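Breakdown of the fold
Chain residues, written in single-letter form:
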Amino acid sequence: MTDPAPPSHLPDFIVKWVDVGIFVVNRDMEILLWNNFMAHHSGRSAAEMVGRNLFQCFEELPQKWLSKKINSVFVLKNFAFTSWEQRPYLFRFPHNRPITGGVDYMYQNCTFVPVKNEQGEVDSVCVTLFDATDVGMSQTMLKDALESLAESNNRDGLTGIYNRRYLEQRLSVEFDRAQRYGGVCSFILFDLDHFKKVNDTYGHLGGDEVLIEVARRVGTMLRTSDVLGRYGGEEFSVILPGTDLEGAHILAERVRECIAQAPIMFRDTPIPVTISIGINQLQPEEPSYEHLIQGADSALYVSKDTGRNRVTRYSPEMAGKP
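Residues numbered from 1 in each chain as written. Predicted model: local features only at pLDDT ≥ 70, side-chain atom pairs only at ≥ 80, totals over all residues. Heavy atoms only, no water.

Turning our eyes to something else, we now look at the sheet that holds strand β2 (residues 31-34). Pairing is antiparallel in the open sheet, where 5 strands are placed in the order β2-β1-β5-β4-β3. Pairing within the sheet leaves two strands with one partner each, and these edge strands are β2 and β3 (80-82). Here the average twist between neighbouring strands, direction ignored, is 15 degrees. Pairing geometry for strand β1 (residues 21-25) and strand β5 (residues 122-131), over 5 bridges, is antiparallel. The partner of Val25 across the bridge, within β5, is Val125. (Pairing = 2+ DSSP bridges. Helix = DSSP H or I, 4+ residues; strand = E, 2+ residues; numbered from the N terminus. Axes fitted to C-alpha atoms, helices over the stretch in contact; angles between N-to-C directions.)

Next comes the structure, spelled out in structure tokens:
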């Protein structure tokens with residue numbers, strides 16, 4: 001026993017009322033069918049639209065791109081598809097999601113289906129439009145959350161500047177770039193003088209305030225291309241792409257003076273702070289970026305060993321210190 005055939009009017013009923021946009025155009029881009037979804041979201045009825053040119057009715061459509069897409073279906077006689085990730089929407093249809101979602105118009109996935117006549121020739125193209133706003137918003141929110149998580153994993157929890165892991169990742173990138181393309185890069189390493197005394201005198205909250213303010217002051221003195229980070233404890237570092245040792249020395253002196261010239265306030269109490277700095281420039285013959293750090297660390301040791309509150313450039317005779 002064969003299954004009963006569906007009522008002859010059922011396909012037309014489905015096309016008319018399905019919650020998917022459906023419209024059909026011929027080679028001249030004249031509209032042959034315009035279902036209720038399209039009518040509802042565009043505010044233009046089928047009676048108003050059928051027989052009219054699609055692009056004359058919707059001047060905001062990406063005419064060059066959409067014409068090419070539809071014409072390819074006529075030529076290749078095959079399906080085509082576009083995702084909201086490639087092009088968020090064709091029609092500027094409103095959506096009913098919260099405006100806080102950051103979506104201006106309904107996200108749309110579209111398929112382009114060849115419609116063949118009795119001779120097997122494609123004489124029109126059916127475009128189906130699916131509302132992908134919920135999926136798009138969810139994926140966008142997930143992407144933003146993952147990016148935020150990745151960023152937070154690169155940040156120091158106290159000061160908000162980059163952490164040691166990220167600094168070493170960036171140094172590795174700068175080292176590889178210099179090895180491959182040439183160019184210069186310098187590295188500043190500094191720490192707070194007698195920081196243990198600060199913690200002992202003002203407590204860890206006072207010490208935290210000092211670290212936060214030092215990071216803030218130094219951050220205001222840097223270019224957007226420079227990378228400031230907390231290397232560990234009371235130790236900070238700055239990566240200076242495109243900067244030679246002389247330029248790094250000038251900046252380091254400005255940083256030292258900025259920290260020393262004004263005490264840091266904690267609960268109306270001024271805390272005098274100075275820093276000791278070591279600087280080093282990446283050399284093309286070095287086997288790894290770790291040598292850049294080691295050189296700056298040796299120069300920092302010399303600054304602390306010779307009275308603190310000073311800047312020292314690395315030189316080969318410092319190798320092995322401390």
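Residues other than glycine seldom take positive phi values, yet Asp268 does so here, at roughly 65 degrees. Relative to the helices and strands, Asp268 is located in the loop between β9 (264-266) and β10 (269-271).

Moving on, we come to helix α7 (residues 164-181). With 18 residues, α7 extends 25 Å from end C-alpha to end C-alpha; this agrees with the ideal 26 Å at 1.5 Å per step. Every buried residue belonging to α7 is among Tyr166, Leu167, Leu171, Glu174, Phe175 and Ala178, and all of these are buried. Taken together, the buried residues of α7 touch β6 (185-192), β7 (227-232), β8 (235-241) and α10 (290-305). One or two positions beyond α7, positive phi appears at Gly182, with a value near 85 degrees. (Expected span 1.5 Å × (residues − 1). Buried < 20%, exposed > 50% of the residue type's maximum accessible area, 1.4 Å probe, protein only. Contact = heavy atoms within 4.5 Å.)

Moving on: the nonpolar core. Ranked by size, the top nonpolar core spans 32 residues in total, and within it Ile188, Phe190, Leu192, Val210, Val214 and Val218 carry the most contacts. Those elements that place two or more of their residues in this core are β6, α8 (195-219), β8, α9 (245-260), β9 and β11 (275-281). Ranked by size, the runner-up nonpolar core spans 29 residues in total, among them Met29, Met49, Phe74 and Phe112. (Core = buried A, V, L, I, M, F, W, Y, C linked by side-chain atoms within 4.5 Å.)

Another point: the packing of aromatic side chains. Applying the stated criterion across every chain, the model contains 10 aromatic pairs. When the ring of Trp84 is compared with that of Tyr107, the centres are 5.0 Å apart and the planes differ by 15 degrees; the resulting orientation is stacked. Here Tyr107 lies in the loop between β3 and β4 (108-116) and Trp84 lies in the loop between β3 and β4, a separation of 23 residues in the sequence. Since its relative accessible area comes to 10%, Trp84 is described here as buried. Look at Tyr107 and you get buried, because its relative accessible area is 14%. Plain terms: the ring middles of Phe91 and Phe93 are 5.1 Å apart, the flat faces sit at 20 degrees to each other, and that makes the pair stacked. (Phe/Tyr/Trp six-rings, centres within 6.5 Å; stacked < 30°, edge-to-face > 60°.)

Moving on, we come to the layout of surface pockets. As a volume, the largest pocket reaches approximately 230 Å³. What lines the largest pocket is a set of 14 residues, and nearest its centre among them are Asn280, Glu286, His291, Gly295 and Tyr314. Those elements that provide at least two residues to the lining of the largest pocket are β11 and α10. It is α10 that contributes the most residues to the lining of the largest pocket, 4 residues altogether. Looking at side-chain class alone, the lining of the largest pocket contains 4 nonpolar, 9 polar and 1 charged residues. Taken as a whole, the second largest pocket spans an internal volume of roughly 170 Å³. Asp193, His194, Lys197, Val198 and Pro272 are the residues nearest the centre of the second largest pocket, which is lined by 13 residues in total. Considering only residue class, the lining of the second largest pocket consists of 8 nonpolar, 3 polar and 2 charged. (1 Å grid on protein atoms, 1.4 Å probe; cavity = no way out; pocket = protein on both sides within 12 Å on 5 of 7 lines; lining within 4 Å. Points joined across faces, edges and corners; volume = space filled by probe spheres on them. Nonpolar A, V, L, I, M, F, W, Y, C, P; charged D, E, K, R; others polar.)

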